[in-house]
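Fold and contact review
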Amino acid sequence: MTTATVDRPRRTNGHIPPPPPPTGGGDGSEREPGPRRPLLDNVRLAMLFLICGEVMFFGGLISAFFVLRVTAAQWPPPLQPRLPVGVTGVNTLVLLASSVAFLLVQGYEWIRLVGYGLTVWSGAYGTTFYTLIGTHAAHVIAALVWVGVTAWLAAAGRFVDGRAGVLRACAIYWHFVVALWPILYVAVYLV
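First things first, this report covers the structure right here in the doc. Predicted model, so just to flag it, every value in this text is computed and none were measured. (Residues numbered from 1 in each chain as written. Predicted model: local features only at pLDDT ≥ 70, side-chain atom pairs only at ≥ 80, totals over all residues. Heavy atoms only, no water.)

This part takes up the overall build of the protein. Looking only at helices and strands, the protein has 5 helices and 0 strands in total. Going residue by residue from the N terminus, the α and β elements of the protein occur as α-α-α-α-α. Every one of the 191 residues in the protein was classed for burial, and the buried ones make up 29%. Counting only contacts in the protein whose residues sit at least 6 apart along the sequence, the fraction spanning at least 24 positions is 70%. Surface exposure of the protein reaches about 12900 Å², of which carbon and sulfur atoms provide 67%. (Helix = DSSP H or I, 4+ residues; strand = E, 2+ residues; numbered from the N terminus. Buried < 20%, exposed > 50% of the residue type's maximum accessible area, 1.4 Å probe, protein only. Contact = heavy atoms within 4.5 Å. Areas by Shrake-Rupley, 256 points an atom, 1.4 Å probe, with all protein chains shown as cover.)

The N-to-C vectors of helix α1 (residues 42-71) and helix α5 (residues 165-190) enclose an angle of 10 degrees; their axes lie 10 Å apart at closest approach. On the basis of their axis angle, the class for α1 and α5 is roughly parallel. Here α1 contributes V43, R44, M47, L50, I51, E54, V55, F58, I62, F65, F66 and R69 to the contact with α5, which in turn contributes G165, V166, R168, A169, I172, Y173, F176, L180, I183, L184, A187 and V188. When its residues are assigned to classes, the contact of α1 with α5 shows 19 nonpolar, 1 polar and 4 charged. (Axes fitted to C-alpha atoms, helices over the stretch in contact; angles between N-to-C directions. Parallel < 35°, antiparallel > 145°, perpendicular 65-115°, else oblique. Nonpolar A, V, L, I, M, F, W, Y, C, P; charged D, E, K, R; others polar.)

The next thing to look at is a nonpolar patch on the surface. A surface patch of nonpolar side chains, amounting to about 490 Å² of accessible area, comprises F66, V70, V85, V186, L190 and V191. Listed by contribution, the elements that provide at least two residues to the nonpolar patch are α1 and α5. Relative to the helices and strands, V191 resides in the segment after α5. (Patch = residues over 30% accessible without salt bridge, like charges linked within 9 Å, V, L, I, M, F, W, Y side chains within 5 Å. Salt bridge = Lys/Arg side-chain N within 4 Å of Asp/Glu carboxyl O.)

Glancing now at the packing of helix α4 (residues 124-155) against α5. One way to put it is that α4 packs onto α5 with a least axis distance of 10 Å and a crossing angle of 160 degrees. The orientation of α4 relative to α5 falls into the category roughly antiparallel. Of the two elements, α4 crosses α5, and the hand of that crossing is left-handed. In this structure, α4 uses F129, L132, I133, H136, H139, V140, A142, A143, L144, W146, V147 and T150 to contact α5, whose residues at the interface are V166, L167, A169, C170, Y173, W174, V177, L180, W181, L184, V188 and Y189. Here the contact of α4 with α5 is composed, by residue class, of 21 nonpolar, 3 polar and no charged. (Left-handed = near helix turned anticlockwise from the far one by under 90°.)

Before going further, it helps to spend a moment on the environment of G107. For G107, the position within the fold is in helix α3 (residues 99-115). A residue is classified by how much of its surface remains accessible, and G107, at 29% relative accessible area, is partly exposed. Remark: the alpha-carbon pair of G107 and A137, spanning 30 residues in sequence, is separated by 9.5 Å.

For L45, the position within the fold is in helix α1. Residue L45 is classed as partly exposed on the basis of its relative accessible area, which comes to 36%. In the structure, L45 is positioned 124 residues away from A169 in sequence and 8.9 Å away in space, judged by C-alpha atoms.

What follows is about α1. Look at α1: 43 Å from first C-alpha to last across 30 residues, which is about the 44 Å you get at 1.5 Å a residue. Of the positions making up α1, those classed as buried are M47, I51, E54, F58, L61, I62 and F65. Next to the buried residues of α1 lie α4 and α5. (Expected span 1.5 Å × (residues − 1).)

If you want it as C-alpha cells, here you go:
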C-alpha cells in the first residue's frame, strides 16, 4: 500500500495562515517602496515630549496656585506686599525683546519683595509665587545657556552640513519659555 502525501498548508489553532507577502523587486507595480522619511526627526520629537512634560509640570504648579488662591480668605494674605503689576508688565515686554534684561529686572523685583518681607517661608503666598516664578527663571537661564552654546556651535560651523536638529530644538524650547511667561504673568499677577 502506498501513501500519497499532499502538500497542504499547516493549520495553526484550526486556522490556515495567510500567504507570504510578495517580495517585489521588479520594476512593475509590485516594486517595494523606498524608505519613508519620518514627519519629525528624533531631536524635534524628543523636544516635543520635553515640552509636553513641561506643560504638565507648569500646569500642575499653576493649578496649585489657583487652588490656594481660591480657597484663601484674602489674597494676597494680610501684611503681605502686593505684586508689582506695572513693572512686571513692562518686564514681560522686555522678555519678548531680551531675556537677559528680563532676568535682571526679575532679580531686582525679587530683592524688593524680599525687602518687603515676601519670602518662600512667608506662607502659601510667597511659596507659590517664588516656586512658579523661580522655576520659570531657572528655565530662562537654561534656555540662555542652550542658546549660547548653540550660537557658539553655529559660529564654529557646526550646522553648515544641514544637520540642524539641535538648532531647531533650541528654538522650540526658547519659544516655549518665552510663551510661558505671559501665561504666568496673567495667572500670578493679574487674575
